[in-house]
Amino acid sequence: IQGGETFIARLPINMDGHSIIVDGVDYPCWGFAVVLLNWRTLKEQSDIYENFEREGMEFKLTRTDIKMEGTKRTEKVTTIAESSQAYLIAKDNVTLDLDTGDNGWVIAVGYRDGFSPNYKVWAYPIIFCCSFIFSFMVMLVLVSKRQHEFLLNKLLPPRVIRKLRKGKTVVEKYNMVTIFFSDIVGYTKMSSEMTPREVMKMLNSLYSIFDKLADKYNIFKVETIGDAYIALGGAPNKCSGPEAAERVTLFALEALQAVKDFETEDGAKIYIRAGLASGPIVAGVVGSSLPKYTMFGDTVNFASRMESTSIKMRLQVSPVTHRLLLDAPNYKFMCEQRREGGEIGVEVKGKGRQITYWVDSASRMTETRQTSARIREEELDREDDSQDCWENENV
């Protein structure tokens, strides 16, 4: 019902009980109010072209005429308005159906350079800032977690941490370890002549050197109690008995040398006693508040006695440690049997007279002897493995 640029618009007049058939379509109304529209004038007065041009957009308005001939339905699509570059509009651009009664009008719109939302100007900076802040916060969390992990690994062995996180009780048995004990000679008198701050600073400086040496020789620092420093070789990271004894002894000798070169703030010299003992222990974590990896057994007590019966700036070792040092895989140790007043050994509380040894120095062995010691070490490892298997079968 249209021709060229002129449309006839119809408005149905509804009345109950009335209907009208137009072009084979039954309309439930009494009739239509009809108005004649000059489509060309209407487009010009609406400024539709200028509005889209101002927005940098293209548009295309189409009309679909539907005609029924009996049961046959035909459709005809006609473009009734479009911008100069409407061909740029793709199928996936924005479209809108317009309900006009008889036929369907569809308008498709799009930007010449693609859709670009008007919030890009302020949204992108906000997104960038939020992303930066979020990334920075995640980085802080990861750094903080890493720092906590680092501190935790300094307090407890990694394997123990994993067990504690799983809620397990940590009790571990070691067949052969070597334990280091040391204390400062005359510490009680020295600390009484210093302020608490000076004492703390002196101990921190000295034992920070010991800590670096413990890392160097891959031994485990157990704890410091007052002026006492306790370290452990062969646990929690297992190694053969001779290798553990070698590491701890090298650590002890270098610690003694470090003390010789150490001075307090006022230039005073300090001296330590040191002792080693080797044997089996049980180690684990006791308690849930401020958990600490500690060790138990007669070997611990014997190592403490080796330190307390030692003398200034000397390293005293037990008979078992001395025997292990003879099989050390990489170094030869210069040892001498302890004698007092013509008697061999020293009186040890709870054990009577014990044969002990002084360790004076160490020198690296030749490759031939290293090979021989390594073979002996492998044999000892196999013996330990067999012992562990036997224990597991009997648990």
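Read on for an overview of the structure. (Residues numbered from 1 in each chain as written. Predicted model: local features only at pLDDT ≥ 70, side-chain atom pairs only at ≥ 80, totals over all residues. Heavy atoms only, no water.)

**A short note on the pairing of strand 21 (residues 357–364)**
At step 1: Bridge count between strand 15 (residues 315–317) and strand 21: two bridges; the pairing is antiparallel. Within strand 21, the position partnered with Gln316 by the bridge is Trp358.
At step 2: Where strand 16 (residues 331–337) and strand 21 come together, seven bridges link them in antiparallel fashion. Looking at strand 21, one finds that Glu336 is bridged to Trp358. (Pairing = 2+ DSSP bridges. Helix = DSSP H or I, 4+ residues; strand = E, 2+ residues; numbered from the N terminus.)

**Things to note about the packing of aromatic side chains**
At step 1: This structure, assessed with the given rule, holds 13 aromatic pairs.
At step 2: Relative to Phe251, the ring of Phe210 lies with its centre 6.2 Å away and its plane at 80°, an arrangement referred to as edge-to-face. Linking Phe210 in helix 6 (residues 196–216) with Phe251 in helix 7 (residues 241–260), this pair joins segments that are 41 residues apart in sequence.
At step 3: Judged by relative accessible area, Phe210 falls into the buried class, the value being 0%.
At step 4: Given the relative accessible area of 0%, Phe251 is considered buried.
At step 5: Looking at Arg314, its charged tip hangs above the ring of Trp358, at a distance of 4.6 Å from the centre.
At step 6: Lying over the aromatic face of Phe302, Lys351 brings its terminal NZ or CZ to 5.2 Å of the ring centre. (Phe/Tyr/Trp six-rings, centres within 6.5 Å; stacked < 30°, edge-to-face > 60°. Buried < 20%, exposed > 50% of the residue type's maximum accessible area, 1.4 Å probe, protein only. Lys NZ or Arg CZ within 6 Å of the ring centre and 35° of its normal.)

**Quick look at the packing of helix 7 against helix 9 (residues 319–326)**
At step 1: The contact between helix 7 and helix 9 brings their axes to 8 Å, and the two run at 100°. Accordingly, the angle class assigned to the pair helix 7 and helix 9 is roughly perpendicular. In contact with Gly241, Pro242, Ala245, Glu246 and Thr249 of helix 7, helix 9 contributes Thr321, Leu324 and Leu325.
At step 2: Counted by class, the contact of helix 7 with helix 9 contains four nonpolar, three polar and one charged residues. (Axes fitted to C-alpha atoms, helices over the stretch in contact; angles between N-to-C directions. Parallel < 35°, antiparallel > 145°, perpendicular 65-115°, else oblique. Contact = heavy atoms within 4.5 Å. Nonpolar A, V, L, I, M, F, W, Y, C, P; charged D, E, K, R; others polar.)

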